[in-house]
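Chain by chain, the residues run as shown.
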Amino acid sequence: MALEDLIGGLPAYAKDLKLNYSSLVKQNTELTPQQLWGTVVVAAIATRSSELTTEVIAEAEAVLSPGALDAAKAAAAIMGMNNIYYRFHHLTNNEKYATLPSRLRMNVLRGHSVEALDFELWCLAVSAVNACGKCVDSHEKVLREKGATEELINAAIRVTAVIHAIGVVLDSEKASPTASI
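The numbering scheme is per chain: residues are counted from 1 as the chain's sequence reads. Residue-level local features of this predicted model are given only where pLDDT is at least 70; pairs of side-chain atoms are given and counted only at 80 or more, and the full residue set underlies all totals for whole chains, interfaces and linings. The basis for every side-chain value is the complete set of heavy atoms in the structure, and neither hydrogens nor water enter the calculation.

Student: Would you mind showing me how to read the packing of aromatic side chains here?
Tutor: For any pair of aromatic rings, the description consists of the separation of the ring centres together with the inter-plane angle of the planes. Two aromatic rings, drawn from Phe, Tyr or Trp (for Trp, its six-membered ring), form a pair once their centres lie within 6.5 Å of each other, and the interplanar angle then sorts them: stacked below 30 degrees, edge-to-face above 60, tilted otherwise. For the coordinates displayed, the defined rule picks out two aromatic pairs. Here the aromatic rings of Tyr85 and Tyr86 are separated by 5.0 Å at their centres, their planes lie at 90°, and the arrangement is edge-to-face. Centroid distance Phe88 to Tyr97: 4.9 Å. Interplanar angle 70°. Geometry classified as edge-to-face. Note on exposure labels: buried denotes an accessible area under 20% of the residue type's maximum, exposed denotes more than 50%, and partly exposed covers the range between, all computed with a 1.4 Å probe on protein chains only. Look at Tyr97 and you get partly exposed, because its relative accessible area is 31%.

Student: Explain the nonpolar core here, please?
Tutor: Soluble, globular proteins show a tendency: their nonpolar side chains are buried together. Among buried residues, those of type Ala, Val, Leu, Ile, Met, Phe, Trp, Tyr and Cys that are joined through side-chain atoms within 4.5 Å constitute a nonpolar core. Formed by 57 residues in total, the largest nonpolar core has its most connected members in Tyr21, Trp37, Leu52, Phe119, Trp122 and Ile166. Those elements that provide at least two residues to this core are helix H1 (3-8), helix H2 (15-26), helix H3 (33-47), helix H4 (50-60), helix H5 (66-91), helix H6 (116-129), helix H7 (133-145) and helix H8 (150-175). Helix and strand assignments follow DSSP, with helices taken as H or I runs no shorter than four residues and strands as E runs no shorter than two, numbered in order from the N terminus. A per-element tally of this core places H8 first, with ten residues. Residues in contact with Phe119, not counting those within four places in the same chain, are Ala71, Ala74, Ala75, Val108, Leu109, His112 and Val114. Only heavy atoms matter for contacts: two residues are in contact if any of them lie within 4.5 Å across the pair.

Student: I tried to follow the packing of H3 against H6 on my own but got confused; where do I start?
Tutor: Each pair of packed helices can be summarised by the angle the axes make with each other and by the distance between the axes. One way to put it is that H3 packs onto H6 with a least axis distance of 9 Å and a crossing angle of 30°. Classified by the angle their axes make, H3 and H6 are roughly parallel. Two packed elements cross with a definite hand, and for H3 against H6 that hand is right-handed. Note on element contacts: H6 touches H3 through Leu117, Asp118, Leu121, Trp122, Ala125, Val126 and Val129, opposite Gln34, Gln35, Gly38, Thr39, Val42 and Ala46. For helices, the fitted axis covers only the stretch in contact; all axes are lines through C-alpha atoms, and the angles between them, taken along N-to-C directions, range from 0 to 180 degrees. By the definition adopted for this analysis, an angle is roughly parallel if under 35 degrees, roughly antiparallel if over 145, roughly perpendicular if from 65 to 115, and oblique otherwise. Two helices crossing with the near one rotated counterclockwise from the far one by less than a right angle form a left-handed crossing, whereas a clockwise rotation gives a right-handed crossing.

Student: Would you explain the packing of H6 against H7 in this entry?
Tutor: Taken N-terminus to C-terminus, the directions of H6 and H7 make an angle of 155°; their axes are 9 Å apart at the nearest point. It follows that H6 is roughly antiparallel to H7 by the angle criterion. Classified by chirality, the crossing of H7 by H6 is left-handed. Between H6, through Leu117, Glu120, Leu121, Cys123, Leu124, Ser127 and Ala128, and H7, the contact on the second element is made entirely by Cys135, Val136, His139, Glu140, Val142 and Leu143. Under this grouping Gly is polar, as are all residues other than the nonpolar Ala, Val, Leu, Ile, Met, Phe, Trp, Tyr, Cys and Pro and the charged Asp, Glu, Lys and Arg. Of the residues contributing to the contact of H6 with H7, the split by class is nine nonpolar, two polar and two charged.

Student: Would you mind going over the state of the cysteines with me for this structure?
Tutor: Formally, a disulfide is one covalent bond, and it connects the sulfur atom of one cysteine to the sulfur atom of another. Two cysteine sulfur atoms form a disulfide, by the criterion used here, when they sit within 2.5 Å. This model, assessed by the stated rule, comprises zero disulfides. Among the cysteines around Cys123, which has no disulfide bond, Cys135 carries the closest sulfur, lying 8.8 Å off. Cys135 takes part in no disulfide bond, and the closest cysteine sulfur, belonging to Cys132, lies 3.1 Å away.

Student: Would you mind going over the pattern of salt bridges with me for this structure?
Tutor: A side chain of one charge can pair with a side chain of the opposite charge if their charged atoms are brought near each other. The term salt bridge refers to a side-chain nitrogen of Lys or Arg lying within 4 Å of a carboxyl oxygen of Asp or Glu. Scanning the model with the defined rule gives six salt bridges in all. With a closest N to O distance of 2.9 Å, Glu150 and Arg144 form a salt bridge. Residue classification places Glu150 among the partly exposed positions, given a relative accessible area of 43%. Exposure remark for Arg144: the relative accessible area of 34% places this residue in the partly exposed category.

Student: Any chance you could explain the side chain of Asn82 here in plain terms?
Tutor: Among the structural elements, Asn82 can be located in helix H5. The exposure class of Asn82 is buried, given its relative accessible area of 4%. Other than its neighbours up to four places away in sequence, Asn82 contacts Arg87, Met106, Leu109 and Cys135.

Student: Can you help me understand H7 in this one?
Tutor: Each full turn of the α-helix corresponds to 3.6 residues, which orients residues three or four apart in the same direction. One less than the number of residues in a helix, times 1.5 Å, gives the span that helix is expected to have. If you check H7, its first and last C-alpha atoms are 18 Å apart, about what 13 residues at 1.5 Å a residue would give, namely 18 Å. Along H7, the residues that are buried comprise Cys135, His139 and Leu143. Seen end-on, H7 carries its buried residues on one side only, within an arc spanning 65°. Across H7 from its buried face, at more than 90 degrees, point the exposed residues Asp137, Lys141 and Glu145. Downstream of H7 by a residue or two, Gly147 has a phi angle that is positive, lying close to 100°. The reported arc concerns the directions from the helix axis to the C-beta atoms and nothing else.

The structure is reproduced here in structure tokens:
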């Protein structure tokens, strides 16, 4: 099933998601194609919806270079780890944890094959889905230092929100005994 078919098959109660997908992804003018589709990829992966992720990656392969697609997947992977670790630091009242070394390898943060701004944008998107305030603050700050505007960042987070919501709907419809998808 193609991504367009998947989106088109969303139930009537998710009509706003279809409309937002059309305006924020299909008609996007705020992000470069690489920024847009990397954001769509990382957001789909972060939703943990296998159906959505499969279709998004298939669609993204026509837009992203193999290196950019790998970088987006790497951003989703590394932030999946970091968001848990640093969210724990944020949630605990025990300040001792912040003084301990993480001892987690994060080489991909510097060893990817895309523009640093794009990779940071994707890390921010995953961090927003995973609700890691410490990571959101850190990546938003780096993005601003690299010249990203609030409008660019906001555009990526809007796309992330829509993709995440689509994943939630798809998974809830699969779990429903009267699933229409």
